[in-house]
Amino acid sequence: MIELPLHHLATEPRWFAAGAPGPASLHEHVTATGVGAWWGDDPLRPRAVAVSCAGHVLLSGDPGSVAPDFLAPFAHSHVESPARFLPVLGAAFDRVIPVERMVYVHREPVAPLCPPEGVTVRRLAADDAAALAALTPDAAWIHASWGGPRGLAASGHAWGAVERDGRIAAVACGYFVGAAYEDVAVLTVPERRRERLALACVTSLCRDIAARGRTASWSCGSDNRPSRLLAWNSGFRLHREYVRYATGNPAARPQHASRVTV
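Residues numbered from 1 in each chain as written. Predicted model: local features only at pLDDT ≥ 70, side-chain atom pairs only at ≥ 80, totals over all residues. Heavy atoms only, no water.

**Digging into the environment of Ala48**
Working step 1: In this fold, Ala48 is placed in strand 3 (residues 48-53).
Working step 2: A relative accessible area of 1% places Ala48 in the buried class.
Working step 3: For Ala48, the contacting residues outside a window of four places in its chain are Met1, Trp15, Trp39, Gly40, Asp41, Ser60, Gly61, Asp62, Ser65 and Val66. (Helix = DSSP H or I, 4+ residues; strand = E, 2+ residues; numbered from the N terminus. Buried < 20%, exposed > 50% of the residue type's maximum accessible area, 1.4 Å probe, protein only. Contact = heavy atoms within 4.5 Å.)

Here it is, written out as structure tokens:
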């Protein structure tokens, strides 16, 4: 597909629902922050569009206008799309794996937690960028939706459990920030797990989100029991279940399309 400058994107038809919880708010996040990209089959009058950020993709429109090779930029991504896109997705990649997901919405207040001695739970600021960057390479996903550690640190949408020396033991953030919902992501460094630091960060973040007049949401795999338990203990309750698709490599020969296994 062709990357579209935001000012060239047609406002009608409305491609994605506004004010939806979970990763469905991705398009609002990209439009507001400029992190990520909009794509279309045509630069002026697209019939199908995609919006991508941090390895997540939303598809909308007419799949008949999308050739399989147009979807190559979305290899190794998490794709959410209507079922009508499944044939072209199956032709575009060597594998398309359905993944069952759950979206929770924050419903129940949770009392603030007292962190262990030597740890302060607070909103992260621009000066915390170096500490975010110092997290392990496997933790880089936590700031990907903000363009990197500097973007997340300066966003005002992250709370961290910060040690006396400035190291971050846990962080929770609005990963995709929409008009009505902020979808929450959380990470704890391995050596500080089981200290309820993630719960403390999420609880503070949810209060902050509510103070902005928005609602926190939470999304995770249906088989991710630790994430589901943390969501429940943080006051989230199930909103909906859905399926997204993990894509593989671009298909070498799209004419011999692999099938989507549902």
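**Regarding the environment of Val96**
Working step 1: Mapping Val96 onto the fold places it in strand 6 (residues 96-106).
Working step 2: For Val96, a relative accessible area of 4% puts it in the buried group.
Working step 3: Here the alpha-carbon distance between Val96 and Ser77, two residues 19 residues apart in the chain, equals 9.9 Å.

**Brief notes about the layout of surface pockets**
One simple way to see leftover space: roll a probe sized like a water molecule over the atoms.
Working step 1: One number sums up the size of the largest pocket: a volume of about 1,100 Å³.
Working step 2: As for the largest pocket, its lining consists of 37 residues, of which Trp141, Val186, Leu187, Ser227 and Leu230 are closest to the centre.
Working step 3: At the level of elements, strand 9 (168-177), strand 10 (181-188), helix 5 (197-211), strand 11 (215-221) and helix 6 (225-233) are the ones that each hand at least two residues to the lining of the largest pocket.
Working step 4: Element by element, the count of residues in the lining of the largest pocket is highest for strand 10, at 6 residues. (1 Å grid on protein atoms, 1.4 Å probe; cavity = no way out; pocket = protein on both sides within 12 Å on 5 of 7 lines; lining within 4 Å. Points joined across faces, edges and corners; volume = space filled by probe spheres on them.)

**Comments concerning the side chain of Ser217**
Working step 1: If you trace the backbone, Ser217 turns up in strand 11.
Working step 2: Residue classification places Ser217 among the buried residues on the basis of a relative accessible area of 0%.
Working step 3: Among the polar contacts made by the side chain of Ser217, one reaches the main-chain amide nitrogen of Gly22 at a distance of 3.0 Å.
Working step 4: In this structure, Ser217 is in contact with Pro21, Gly22, Tyr104, Val105, Tyr181, Glu182, Asp183, Val184 and Phe236, ignoring residues within four places of it in sequence. (Polar contact = N/O pair within 3.5 Å; in protein donor to acceptor, adjacent residues only side chain to side chain.)

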